[in-house]
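Structural features, examined
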Amino acid sequence: DLATYVRQLRGLLAGEVVEIDGAACQMLHVPGWGPARPISTPIWVAPGGPKGFAVAREVAEGVIVSAGTEVPNGVWDSCALLVSGTVVGPSEDYMSARVIEAAGPCFATTFHGAWEFFPAALDDLPGGRVWLEAMEAERPDHERHLAVHEGHLTVMTERDRAAVGVAGPAILHSGWTGDSGSIATRFDQAAATGVSEVVYMAAGPDIPGELE
């Protein structure tokens, strides 16, 4: 499926007629309303296992990975690591409002992901039971899939915020969160494993400050 998708995308960008779901498809923008075809741009994919990485080697120029992903099939010239988190200042800790706003959205995704794939694990996550009870109280069973990812990686819902509060210091172990020296070390470690760039998902009220 991944190989088919990438080849369809390349065909569309080239201005070709491509079969998608059994029907002909083509980019139809007239001149001035879109870039002229053919459009040549590198295509990166985010595979999740050995088969995906093998296909990516055939059809893509780069890969995007998350922390802990084992990258098989050798070194990639272009490999981006997707991270979130915040630099914790000398006078800050897990109770600091700025840290909660900046690191909280990332930590809350552990609840979202557990609900999707390992719901029984919520009982073992710091704040997980609080989050689950709030979700069950707010939405009937057949509607919960509509709400579980609200604010995902951007802001915290009230149930996220309550659960993050219960989690306490655990939020400091979410993503790249720590003092500036520890995060600099993580950059070096990532580079040593073949990562060529970091894609940072900043959160909180001061995005320029987080990026700096």
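Everything below is about the structure printed above this text.
Read on for an overview of the structure. (Residues numbered from 1 in each chain as written. Predicted model: local features only at pLDDT ≥ 70, side-chain atom pairs only at ≥ 80, totals over all residues. Heavy atoms only, no water.)

Tallied over the entire structure, the rule returns 3 aromatic pairs. Centroid distance Phe107 to Phe111: 5.5 Å. Interplanar angle 90°. Geometry classified as edge-to-face. Of the two residues, Phe107 and Phe111 are both situated in helix α3 (residues 97–117); the distance of 4 residues between them amounts to about one turn of the helix. Of the two residues, Phe107 and Phe111, both sit in the buried class. Both rings, one in Trp176 and one in Phe187, keep their centres 4.9 Å apart while their planes meet at 80°; by these two values the pair is edge-to-face. (Phe/Tyr/Trp six-rings, centres within 6.5 Å; stacked < 30°, edge-to-face > 60°. Helix = DSSP H or I, 4+ residues; strand = E, 2+ residues; numbered from the N terminus. Buried < 20%, exposed > 50% of the residue type's maximum accessible area, 1.4 Å probe, protein only.)

All right, on to the side chain of Ser84 then. Tracing the sequence through the fold places Ser84 in strand β5 (residues 79–84). Under the relative-accessibility criterion, Ser84 is labelled buried at 7%. The residues touching Ser84, leaving out its near neighbours within four places in the chain, are Cys106, Leu153, Ser174, Gly175, Trp176, Tyr200 and Met201. (Contact = heavy atoms within 4.5 Å.)

What follows is about the nonpolar core. As a rule of thumb, nonpolar side chains are buried together in soluble globular proteins. The biggest cluster of nonpolar side chains holds 20 residues, and the ones touching the most others in it are Phe107, Phe111, Trp115, Leu122, Trp131, Val164 and Ile171. Elements supplying a minimum of two residues to this core: α3, α4 (128–138) and α6 (158–167). A per-element tally of this core places α3 first, with 7 residues. Contact partners of Trp115, with chain neighbours within four places excluded, come to Leu122, Trp131, Leu132, Arg144, His145 and Val148. Of all hydrophobic cores here, the second largest spans 19 residues; its members include Val6, Phe53, Leu81 and Ile183. (Core = buried A, V, L, I, M, F, W, Y, C linked by side-chain atoms within 4.5 Å.)

Considering all chains together, one arrives at 11 salt bridges under this definition. For the salt bridge of Arg129 with Asp123, the shortest nitrogen-to-oxygen distance reads 2.5 Å. For Asp123, a relative accessible area of 46% translates into the label partly exposed. In this structure, the salt-bridge partner of Glu150 is Arg159, at a minimum N-O distance of 2.9 Å. Within the structure, one salt-bridge network assembled from shared partners comprises Glu138, Arg139, Glu143, Glu150 and Arg159. (Salt bridge = Lys/Arg side-chain N within 4 Å of Asp/Glu carboxyl O.)

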